[in-house]
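What follows is each chain in one-letter form.
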Amino acid sequence: MKEGELDARQEALAAIAREAGERARKLFSNPAGVKLKGVQDFITAADGEVERLIIERLKARFPHDAFLGEEGGTQGSGDALWIIDPIDGTANFAYGIPHFCVSIGFLSAGEPMLGAVCAPMYDELYLARRGRGALRNGRPIRVAGGVEMGQALIELGWSSRLPAKAYTALLERVLATGATFRRAGSGALGLAYVADGRNHGYCELHINSWDVAAALLLVREAGGWTNDFFAGDAIARGNAVLACAPQLQEALVAATGVGQANEKFERRIS
Ligand code: LIP
């Protein structure tokens, strides 16, 4: 993609992420249409409304781009792809917990090029462009330096998509490194917090592409390490994710098994 074409998308993305975040904030005060897609897998009316707003705005500017939204699925085809999670942290949103965000990633020929994560209840907007760094509210962010495992905070995402024993085994292995953990219910925010140093790592043994498409770029542009999440057909099927401050990579790859050379995605969804 030409620089000028990416410039136009970067400019549009910031404005659309802000507008979508504001819409989510307004809908948060009265979450309607809360339904279950599966065990502990929620959808609200806000998910659909915010996703439609984002795609409408992007299509108006870039009608030939393709779109993949958590709720609406795939629209269009080609190398220019927007991957959207309108409300990441839907369970939090449904229960009145303000820890949620809007996540919008842009990939060109399968490579993450732009990302926006907007956490409206915290008035925080994260933006990144490949090769140009990562920002939170316009200020450069970096992953945590000088943190070792014995003082590290690692967020471990969970969903009912994998057996509980996979999560408890992961938890046991990470705690054995001396780190502590948390789970806050939004993978995109958990990764964004790795990028700004408030988490020291994030791992989830299966997560969807719309949860991570924007925030993985934040981590890389903030000096962090991530596994090759988009290997294989992760855009369609999801994958395991591990992201961390670089000094923790070796210990966390060994503890989680994510990012090892012989990594087999199928092993984790068994
Ligand atoms: C959420 C993810 C999170 C995962 C949750 C859920 P949603 O996405 O961001 O990492 O642990 O189970 O999948 O459903 O709120 O968009």
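Residues numbered from 1 in each chain as written. Predicted model: local features only at pLDDT ≥ 70, side-chain atom pairs only at ≥ 80, totals over all residues. Heavy atoms only, no water.

1. Regarding unusual backbone geometry
The cut-off we apply is this: Segments assigned H or I by DSSP are reported as helices when at least four residues long, segments assigned E as strands when at least two residues long, and all are numbered from the N terminus. The buried label goes to any residue with under 20% of its type's maximum accessible area, the exposed label to any with over 50%, and the partly exposed label to all in between, with areas taken from a 1.4 Å probe on protein chains only.
Phi at Q40 is positive, roughly 60°, even though this residue is not glycine. Here Q40 is to be found in the loop between β1 (35-38) and β2 (41-43). For D123, which is not glycine, the phi dihedral falls at a positive 55°. Structurally, D123 can be placed in the loop between β7 (111-119) and β8 (124-129). By relative accessible area, which is 51% here, D123 ends up exposed.

2. A word on the site of the ligand
So the rule is basically this: The near set for a molecule or strand comprises every residue that places at least one heavy atom within 4 Å of it. Here a polar contact is recorded for every N or O atom pair within 3.5 Å, except that within protein the pair must consist of a potential hydrogen donor and a potential acceptor, and residues adjacent in sequence are included only if both atoms are side-chain atoms. Computed with a 1.4 Å probe, the accessible areas rest on the Shrake-Rupley method; for each residue, only the protein chains presented here act as cover.
Not every one of the 17 residues close to the ligand is listed here, only the nearest: D88, G89, W158, G187 and E204. Note that an oxygen atom of the ligand is positioned 2.6 Å from one of the backbone N or O atoms of W158. Taken by itself the ligand offers 370 Å² of open surface, and the protein chains cover 93% of this. Every element with two or more residues in the shell around the ligand is listed here: β5 (80-88) and β13 (201-207).

3. Here's the deal with the domain arrangement of the protein
Note the threshold: Each domain's extent was defined by an automatic or database domain assignment. Contact criterion: two residues are considered in contact whenever any of their non-hydrogen atoms come within 4.5 Å of each other. What makes a salt bridge here is a side-chain nitrogen of Lys or Arg within 4 Å of a carboxyl oxygen of Asp or Glu, nothing more.
Split by domain assignment, the protein resolves into domain 1 (3-140) and domain 2 (149-269). In this structure, domain 1 and domain 2 have C-alpha centres spaced 20 Å apart. The interface is formed by 37 residues belonging to domain 1 together with 26 residues belonging to domain 2. On the surface where domain 1 and domain 2 come into contact, there are two salt bridges. Across the salt bridge formed by D196 and R136, the nearest N and O atoms sit 2.7 Å from each other. Viewed at the interface, domain 2 and domain 1 are joined by twelve residue pairs in polar contact (both at pLDDT 80 or more).

4. Side note on the sheet that holds strand β9 (residues 134-136)
Let me state the cut-off plainly: For two strands to pair, DSSP has to find at least two bridges joining them. A fitted line through C-alpha atoms represents every axis, and for helices the fit uses only the stretch in contact; the resulting angles, taken between N-to-C directions, go from 0 to 180 degrees.
One open sheet holds the eight strands; their spatial order is β4-β3-β5-β6-β7-β8-β9-β10, and the pairing between them is mixed. Every interior strand has two partners, whereas the edge strands, β4 (73-75) and β10 (139-140), have only one. Here β8 runs beside β9; their pairing, made up of three bridges, is antiparallel. Within β9, the position partnered with A128 by the bridge is A134. Contacting β5, β6 (101-108), β7 and β8, helix α1 (residues 3-28) crosses the sheet at an angle of about 25° to β7. Helix α2 (residues 45-61) rests against β3 (66-69), β4, β5 and β6 of the sheet, and its axis sits at about 150° to β5.

5. Re α1
Inclusion rule: By this rule the span expected of a helix is its residue count minus one, scaled by 1.5 Å.
Helix length check: α1, at 26 residues, gives a terminal C-alpha distance of 37 Å against a target of 38 Å (1.5 Å per residue), a fit within 8%. Regarding α1, the residues found buried are L6, R9, A12, L13, A14, I16, A17, A20, G21, A24 and F28. Looking at the buried positions of α1, the neighbouring elements they touch are α2, β5, α3 (90-94), β6, β7 and β8.

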